[in-house]
Amino acid sequence: MEGFHVTIRTSPGPLAGSYNTLWVSLIGSQCECPPVRVVPDGQCLLPGSTCTVVVKPEKEVGTVVLVRLRLEAQPGFPNLNWHCLDVQLKRSADAAEVEHFPCNKWIRTADGDVELRSNRVCLLKGENLQILREHRARELQTKQQHIRWSTFAEGGIRCIDMTSSQSLGPNLSYTRQSPGTNLSYLRGFTDRAEPWSTLEELGILFIHNGKDNAVARYVQAHWRDDTFFGYQCLNGCNPLQIRQIRSLPPNLPVTSEMLRDFLPVGSSLEQEMERGAIFLLDYEILDQLPGNVINGKQTYLAAPLCLLHYNQHGQLKPIAIQLQRTAGPQNPLFLPSDPEPDWLLAKMWVRNSDFHVHQLLSHFLRTHMIGEMCCVATLRRLPEIHPLHQLLMPHVKTCLQINIQARTSLLAANGVFDKAIGCGLKAAPLLLARGTDQLRYTSMCVPDDLKERGLDKLANCYYAQDALRVWNALHRFVVSWVDLYYNSDQDIQQDCELQSWIQEIFTEGLLSFTHTGFPQSFQTTAELCKFITMVIFSCSALHAAVNFSQVDFNLWIPNCPAVMSRPPPQVKGSVTEEELLSFLPDINSTCSVLTILLLLSQPAADYVPLCHYREQYFSSGDVCKLVETVQKELRAIDEDITKRNSKMELPYPYLSPINIENSVAI
């Protein structure tokens, strides 16, 4: 028997090679071959190299279904990990047919035997050989031993049980190429644990860090304006909080008479609500949370209610603000007709509350933690050969490393939440638990969310318009993908790996909170496609909208203060214009927060745009056609957004597909 010609290809990256010795064995449908040593000759396992060995079985192996690789340290040389691109197999030197066994991952000596399958993605029901069914089961058992669930915030979405990103191993880690953010003008303020003396002093810091940021300069010029306040509710860095209401909250004692001057002539509050023109910001979720102690001083949180009106000019404006939950003489209702310092301070309190909800719920919970939860479940319940593992991992994998880093730095002792943000380490876990309890599946699905919040038909809600277009493009892509592998609803119901995956997400990740409306199983193709679209959108487009806009709207600290250093006013007329500055964070905590926001708001130099894939699987056959189709759709969306933005005084670029990273990378 001539033997199999086995070609091992090393990935082309400059660090992909290794000094180590490689052993190769073939596993067939009838038997397996003993391992063959790939003799190191100075050329094998170099970056971009190919190395061919001949494996001569002693007896007929049948169809080769697995290729087993094992890396062995070579004495006297460093034990370097090796990045294998793939293995190619021919039954003879001149055979025309080549079988491909993709790898595209790092292999370590500590991994022991690593088994590669052919490039045929399939469901469990498509496995005709017991040996391959057992291989799927072994892979998941190994992953489940390494990838386990843990709790960061009691009652919150659960996370991976790791406290160091090094524990992830090289295949779940990544190196982000920094875009070279300039932080020079935020350094040197550590010892200034004191308030800003004047807005002019704060302006000096701003211009040194924001002179090239047109949006931030617009914010500085317009942050006092009611029209811009309302614009941010629709198109700022947190467009997820505003909602249309048809009746007033029982604890907001406003009357039509109080608001007459802020409504159309001849109309009433009741008529405007019926018309769909009244909106609400409600920060009840912050009620009674403890304020942080920063620089040895107590800071404060509020739980405001803010009523807004959408007028005939397409402007959304605040018309009433109450800073605490219980109405009463020590909790006044602030109106636009109040003295300017009172009204501006009330709006600053709303923006402060929005900062906390945005950072921990709209951003961290809804994108980072949702992505991590789905990634953990995918690794534990879907084998690599499963089509949904292939589709999801490029979008969710990076959540693991960045979230571990966040929990051990930003959200840890001496991190920015501990030292510089009003919602500190005592309040943050409580807020994450409340956010999880109040999370609803419909709020994660763009069409449902926009309709429920009454934003689907607002002409100047650019977030809603762009998010819906991107969602629909992703949904069509997912539907086409799922149709490649599932022929009917029955196929969905009978895929035990898939059902185990969604069950694990619900029970382990979401703590079996049935009131959230998240699915516990999939009965139809439509249910599956909606959920997969939600995951991809949350980790890419939603993350882009709530993350990359942060520095634009937050760089001018009075517009979105991370700390309020004095308690909410209990009477009107108690502050002057000059005293507003005393509510803002101290100088050192201001600079700490801006440092983090500048780092978070910059895409990586090597970022991968939405629905662009580096994985080999996406570049061939029917899958390649689907990717080309969705990329074409996204380019068309991008062109439309760019054209619209060119005519706008304040563009909304955050959901331009070219600006959307494929995953949560920071």
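Above: the structure in question.
Heads up: these notes are all about the structure in this document. From a predicted model like this one, the values you see are computed outputs, not experimental measurements.

Conventions and cut-offs
- Within each chain, residues carry numbers counting from 1 in the order of the written sequence.
- With the structure being a predicted model, the display of local features is reserved for residues of pLDDT at least 70 and the display and counting of side-chain atom pairs for 80 or more, all residues being used for whole-chain, interface and lining totals.
- The basis for the side-chain values is all heavy atoms of the structure; hydrogens and waters are excluded.
- The numbering of helices and of strands both runs from the N terminus, where a helix is a DSSP run of H or I of at least 4 residues and a strand a run of E of at least 2.
- As defined in this context, the radius of gyration uses C-alpha atoms, and a globule is described by 2.2 Å times the residue total to the power 0.38.
- We call a residue buried when its accessible area falls under 20% of the maximum for its residue type, exposed when it is over 50%, and partly exposed in between, using a 1.4 Å probe and counting protein chains only.
- Should any heavy atoms of two residues lie within 4.5 Å, those residues are counted as being in contact.
- We get accessible surface area from the Shrake-Rupley algorithm with a probe of 1.4 Å; when it comes to residues, only the shown protein chains can shield them.
- Disulfides are defined as cysteine sulfur pairs within 2.5 Å.
- Note on pairing: two strands pair once DSSP finds at least 2 bridges between them.
- Throughout, an axis means a line fitted to C-alpha atoms (over the contacting stretch in the case of helices), and angles, computed between N-to-C directions, take values from 0 to 180 degrees.
- Residues adjacent in sequence count toward polar contacts only when both atoms are side-chain atoms; beyond that, a polar contact is any pair of N or O atoms within 3.5 Å, and within protein one must be able to donate a hydrogen and the other to accept it.
- By convention a nonpolar core is built from buried Ala, Val, Leu, Ile, Met, Phe, Trp, Tyr and Cys residues, the set being connected through side-chain atoms within 4.5 Å.
- By definition here, a salt bridge exists when the distance from a side-chain nitrogen of Lys or Arg to a carboxyl oxygen of Asp or Glu is within 4 Å.

### So, the overall build of the protein
Turning to step 1, where the next piece is worked out: Per the secondary structure count, the protein includes 19 helices and 17 strands.
Turning to step 2, where the next piece is worked out: Taking 666 residues into account, the globule formula puts the C-alpha radius of gyration at 26 Å, and the protein, at 28 Å, falls close to it.
Turning to step 3, where the next piece is worked out: Referenced to the eigenvectors of the C-alpha coordinate spread, the extents of the protein come out at roughly 95 × 55 × 45 Å.
Turning to step 4, where the next piece is worked out: Looking at the protein as a whole, 57% of its 666 residues are labelled buried.
Turning to step 5, where the next piece is worked out: Of all intrachain contacts in the protein linking residues separated by at least 6 positions in sequence, the fraction that spans at least 24 positions is 75%.
Turning to step 6, where the next piece is worked out: Of the roughly 27,200 Å² of accessible surface on the protein, a fraction of 50% belongs to carbon and sulfur atoms.

### Things to note about the state of the cysteines
Structurally, a disulfide amounts to a covalent bond that connects the sulfur atoms of two cysteines.
Turning to step 1, where the next piece is worked out: Here the structure, examined in full by the defined rule, presents 1 disulfide.
Turning to step 2, where the next piece is worked out: With no disulfide of its own, Cys560 lies 5.4 Å from the sulfur of Cys237, the closest cysteine sulfur.
Turning to step 3, where the next piece is worked out: We classify Cys560 as buried; its relative accessible area is 2%.

### A look at the sheet that holds strand β4 (residues 50-55)
Turning to step 1, where the next piece is worked out: Within the open sheet, the 4 strands sit side by side as β4-β1-β6-β7. Their pairing is antiparallel. Each having just a single partner strand, β4 and β7 (99-107) make up the two edges of the open sheet. Going across the sheet, the axis of each strand differs from the next one's by a mean of 20 degrees, ignoring polarity.
Turning to step 2, where the next piece is worked out: The sheet contact formed by strand β1 (residues 4-10) and β4 spans 6 bridges and is antiparallel. Pairing of Arg9 across the sheet is with Thr50, part of β4.

### Some details on the sheet that holds strand β16 (residues 316-322)
Turning to step 1, where the next piece is worked out: Overall, antiparallel pairing links the 5 strands, which are arranged β11-β12-β15-β16-β17 in an open sheet. Here the strands that pair on one side only, and so sit at the sheet edges, are β11 (243-244) and β17 (333-334).
Turning to step 2, where the next piece is worked out: Bridging between strand β12 (residues 278-282) and strand β15 (residues 305-310) involves 5 bridges; their strand directions are antiparallel. Within β15, the position partnered with Ile278 by the bridge is His309.

### Observations regarding the side chain of Glu127
Turning to step 1, where the next piece is worked out: Mapped onto the fold, Glu127 is located in the loop between β8 (114-117) and α1 (130-146).
Turning to step 2, where the next piece is worked out: Classification of Glu127 by relative accessible area gives buried; the value is 4%.
Turning to step 3, where the next piece is worked out: Within the local environment of Glu127, its side chain forms a polar contact with the side chain of Arg117, the two groups lying 2.5 Å apart.
Turning to step 4, where the next piece is worked out: Engagement of the side chain of Glu127 in a polar contact is seen with the side chain of Arg136, the distance being 2.8 Å.
Turning to step 5, where the next piece is worked out: If near-sequence neighbours (up to four positions away) are discounted, Glu127 is found in contact with Arg117, Arg120, Cys122, Leu132, Arg133, Arg136 and Ile385.

### Digging into the nonpolar core
Turning to step 1, where the next piece is worked out: By size, the foremost hydrophobic cluster in this structure holds 176 residues, and its most contacted members are Tyr463, Trp481, Trp501, Phe518, Phe531, Met534 and Phe537.
Turning to step 2, where the next piece is worked out: Among residues more than four places away in sequence, those in contact with Phe537 are Val446, Tyr463, Ala467, Val470, Trp471, Leu474, Leu542 and His543.
Turning to step 3, where the next piece is worked out: Residues Cys44, Val61, Val87 and Ile107 belong to the second largest nonpolar core, which totals 28 residues.

### Describing the pattern of salt bridges
Turning to step 1, where the next piece is worked out: Inspection of every chain in the model, using the stated rule, returns 37 salt bridges.
Turning to step 2, where the next piece is worked out: When the shortest N-O distance is used, the salt bridge between Lys211 and Asp212 registers 3.2 Å.
Turning to step 3, where the next piece is worked out: Residue classification places Asp212 among the exposed positions, given a relative accessible area of 68%.
Turning to step 4, where the next piece is worked out: With its nearest N and O atoms 2.7 Å apart, the salt bridge here joins Lys297 to Asp586. Of this pair, Lys297 sits in strand β14 (residues 297-298) while Asp586 sits in the loop between α17 (550-554) and α18 (587-600); the two residues are 289 residues apart in sequence, bridging distant segments of the chain.
Turning to step 5, where the next piece is worked out: Given the relative accessible area of 35%, Lys297 is considered partly exposed.
Turning to step 6, where the next piece is worked out: Since its relative accessible area comes to 5%, Asp586 is described here as buried.

Purely geometric numbers; function is a separate question.
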